[in-house]
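Next come the chains, spelled out residue by residue.
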Amino acid sequence: MLSLHASTTTHRRALLALATATLLTLGLATSVWAQTYPTQPLRIVVPFGPGGVGDLTARAVAQALAEPLGQPVTVENRPGAGGVVAAEAVARAAPDGHTLFLMSNGSAVTASLFNRLPFDMVRDFIPVSTLGYFDIAVVTSSESTFKTLGDVVAYARANPGQLNLGSINIGSTQHLTAELFKSAAGIQAQVVPFNGTPALIGALRGRQVEVGVEILGPTLPQIRAGALRALAVTGERRSVVLPEVPTAIEGGVPALVASSWNALAVPAKTPREVVMRLNKAIEGVLAAPELRKKLLELNIDPRASTPEQTAELLASDIRRWSTVIERAGIPKQ
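Definitions and limits used
For every chain, the first residue of its written sequence is number 1, and the numbers climb from 1 along that sequence. This being a predicted model, a pLDDT of at least 70 is required before a residue's local features are given, and a value of 80 or more before pairs of side-chain atoms are given or counted; all residues contribute to the totals for chains, interfaces and linings. Computation of side-chain values: all heavy atoms of the structure, hydrogens and water removed. In this analysis a 1.4 Å probe is tested at points of a 1 Å grid over the protein atoms alone, and where it fits but cannot get out there is a cavity; an open set with protein on both sides within 12 Å along at least five of seven lines is a pocket; lining residues have an atom within 4 Å of a point. Grid points are joined across faces, edges and corners, and a volume is the space filled by probe spheres set on the points. Helix and strand assignments come from DSSP, with helices taken as H or I runs of at least 4 residues and strands as E runs of at least 2, each series counted from the N terminus. Only Asp, Glu, Lys and Arg are considered charged, only Ala, Val, Leu, Ile, Met, Phe, Trp, Tyr, Cys and Pro nonpolar, and every remaining residue, Gly among them, polar. Classification of residues uses two cut-offs on accessible area relative to the type maximum, computed with a 1.4 Å probe and protein chains only: under 20% is buried, over 50% is exposed, and between them is partly exposed. When DSSP finds at least two bridges between two strands, those strands are taken to pair. By the criterion applied in these results, polar contacts are pairs of N or O atoms within 3.5 Å in which, for protein atoms, one can donate a hydrogen and the other can accept it, and in which residues neighboring in sequence qualify only through two side-chain atoms. The contact criterion used throughout is that any non-hydrogen atoms of two residues lie within 4.5 Å. You can read pLDDT as the predictor saying how much it trusts each residue, on a scale of 0 to 100. For this analysis, a salt bridge means a side-chain nitrogen from Lys or Arg found within 4 Å of a carboxyl oxygen belonging to Asp or Glu. Each aromatic pair joins two rings of Phe, Tyr and Trp (for Trp, the six-membered one) with centres within 6.5 Å, and gets the label stacked for planes under 30 degrees apart, edge-to-face for over 60, and tilted for any other angle. Think of it as a cone above the ring: NZ of Lys or CZ of Arg counts as a charge over the ring if it is within 6 Å of the ring centre and within 35 degrees of the ring normal. What the arc covers is the set of directions going from the helix axis to the C-beta atoms. Note on geometry: axes are lines fitted to C-alpha atoms, helical ones only across the stretch in contact, with angles between N-to-C directions running from 0 to 180 degrees.

K.L.:
It is not clear to me how the layout of surface pockets should be interpreted in this structure. Could you clarify?
P.N.:
Once rolled over the atoms, a probe with the size of a water molecule shows which space is left empty. What the largest pocket holds in volume is close to 980 Å³. What lines the largest pocket is a set of 40 residues, among which F48, N105, T173, Q174 and S260 lie closest to the centre. Among the secondary structure elements, those contributing two or more residues to the lining of the largest pocket are α2 (53-69), α3 (84-91), β3 (99-104), α4 (105-113), α6 (173-185), β8 (211-215), α8 (216-224) and β10 (260-267). Considering each element in turn, the lining of the largest pocket owes the most residues, six residues, to α4. Classifying every residue of the lining of the largest pocket gives 17 nonpolar, 22 polar and one charged. Space inside the second largest pocket adds up to approximately 390 Å³. Along the wall of the second largest pocket there are 24 residues; nearest its centre are Y133, E236, S259, R303 and L313. Mapped onto the lining of the second largest pocket, the elements with two or more residues apiece are β4 (125-134) and α11 (307-328). The dominant element in the lining of the second largest pocket, judged by the number of residues it contributes, is α11, at six residues. Looking at the lining of the second largest pocket, its residues break down into eight nonpolar, eight polar and eight charged.

K.L.:
Help me understand the pairing of strand β9 (residues 228-233), please; the structure alone is not making it clear to me.
P.N.:
Counted residue by residue, β9 has six buried out of six residues, so it is predominantly covered. Across five bridges, the pairing between strand β5 (residues 136-141) and β9 is antiparallel. Among the inter-strand pairings, A137 is bridged to a residue of β9, identified as V233.

K.L.:
Sorry if this is basic, but what is going on with α4 here?
P.N.:
Since the α-helix packs 3.6 residues into each turn, any two residues three or four apart lie on the same face. With respect to burial, α4 is a largely interior element, seven of its nine residues being buried. Those residues of α4 that fall on the buried side of the exposure criterion are N105, S107, A108, V109, T110, S112 and L113. Two or three places before G106, at the start of α4, stands the capping residue S104, its side-chain oxygen 3.0 Å from that residue's backbone nitrogen.

K.L.:
Explain the environment of T247 to me, please; I cannot follow it from the model alone.
P.N.:
Tracing the backbone shows T247 in the loop between β9 and β10. When near neighbours in sequence (up to four residues on either side) are disregarded, T247 contacts A232, V233, G235, E236, R237 and R238.

K.L.:
Is there a simple way to think about the confidence of the model for the chain in this case?
P.N.:
In low-pLDDT segments, the atomic positions of the prediction should not be examined closely. Confidence along the chain averages 91 in pLDDT terms, with 89% of residues attaining 70 or more. Within the model, pLDDT remains below 50 along residues 1-6, and this stretch shows one contact once partners closer than five positions in the same chain are excluded.

K.L.:
I keep staring at the pairing of β4 and nothing clicks. Help me out?
P.N.:
When a strand is regular, its side chains alternate between the sheet's two faces. The buried count for β4 comes to nine of ten residues, which makes it a mostly enclosed element. Where β4 lies against β10, eight bridges are found, and the strand directions are antiparallel. Considered in β10, the bridge of F125 is made with P267. Looking at chain direction, β4 and strand β11 (residues 301-302) are connected through two bridges and run antiparallel. Directly across from G132, in β11, lies its bridge partner P302.

K.L.:
Looking at this structure, I do not really get the side chain of N262. What am I missing?
P.N.:
Relative to the helices and strands, N262 is located in strand β10. Apart from residues lying up to four places away in sequence, N262 is in contact with G54, T57, L102, M103, S104, T130, L131, G132 and F134.

K.L.:
Help me understand the pattern of salt bridges in this model?
P.N.:
Oppositely charged side chains may form a pair once their charged atoms are brought near each other. Enumeration over the complete set of coordinates arrives at 15 salt bridges. For E76, the salt bridge identified is with R78, shortest N-O distance 3.7 Å. Notably, a salt bridge pairs R320 with D317, separated by 2.4 Å at the nearest N-O pair. Within this pair, R320 and its partner D317 are both found in helix α11, separated by three residues, close to a single helical turn. One connected set of salt bridges, linked through shared partners, spans R43, E76 and R78.

K.L.:
Could you clarify how one ought to interpret the packing of aromatic side chains in this entry?
P.N.:
For any pair of aromatic rings, the description rests on two quantities: the centre-to-centre distance and the angle between the ring planes. Evaluated as defined, the whole model comprises three aromatic pairs. Through successive ring pairs, a cluster of aromatic residues spans F101, F119 and F125. Lying over the aromatic face of Y133, R303 brings its terminal NZ or CZ to 3.8 Å of the ring centre. Sitting over the ring of W321, R320 keeps its end group 5.9 Å from the ring centre.

K.L.:
Hey, could you run me through helix α5 (residues 149-158) in this one?
P.N.:
Here α5 has its buried residues at L149, V152, V153 and A156. Looking straight down α5, one finds that the buried residues subtend no more than 95° of arc, so they occupy a single side. In this structure T148 caps α5, since a side-chain oxygen of it lies 3.3 Å from the backbone nitrogen of G150.

K.L.:
Quick question: what am I supposed to make of the sheet that holds β9 here?
P.N.:
If you trace the five strands from one edge of the open sheet to the other, you get β7-β6-β8-β5-β9, paired in mixed fashion. With partners counted over all chains shown, the strands left at the sheet margins are β7 (189-194) and β9, one partner each. Across the sheet, the mean angle from the axis of one strand to that of its neighbour is 30°, orientation sign disregarded. In this sheet, β8 lies alongside strand β6 (residues 163-168) in parallel orientation, the contact comprising two bridges. Bridged to L165 within β8 is V211.

Encoded structure:
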């Protein structure tokens, strides 16, 4: 007669064998699925309206990705609520790699600025790769006495509270970078938000504000025409479109490091093999001369990254902007 111990052992072995076979089957299915991916057209959900730099970036990359992926890639614009509408749509999509989210530094700001979101920007997404960086510049009127970033800092320290720093909308990356400038340089200044870039440029040229913090691209025509002077860019390295302008690090404010960027992300639980297939395709198209030329013409520095590097970029920006928002006393929404 079979003992109770022997019967239990046999039962456990059978369960273990069944579990192992199931895992092997699932692993094989995942591998086969990854090899056949994508099986249908892809869509990139963009949290901005048509025509902006983010939208144009997504469309250029989408067109280029169609060839290596073997499927059409379309762009769906879903602006609203600081990117929440688009992000929620992707977070709830099937984790099969066919729905992508155009993540950005704005996603980090949203995660830092909103008390409650219908998703978690870190937990509910897998960042795949960055697409490109948009330099943020510290600019002034060409008629200003400020020639360097050091001049601005020296003036602000000698005249506490007298310097006006122009930016755009409260809570924007530009606005938060202006606040970061204050804390990084250890100066007292007033940050004046304007309703859009044209209003900010008008105020700079009219000398209503002494210094502005804005994305380099929209101010570049004014800089090249001689109406504005770029004092520094806030990236870790000089701009590829205006390489003669020093970084804030070179200008003596090493803590003033902030970049505007775009990336592609997929819903959490998307298989690793699918994520890496997308990452390889993105890396390939961003290295192609034709797409690089197109993005550089939009004043975008094309740069791919690994999923891990992209995830760390998002996490570090969330930490940075959370600190800036708290120090500046900006109310959370």
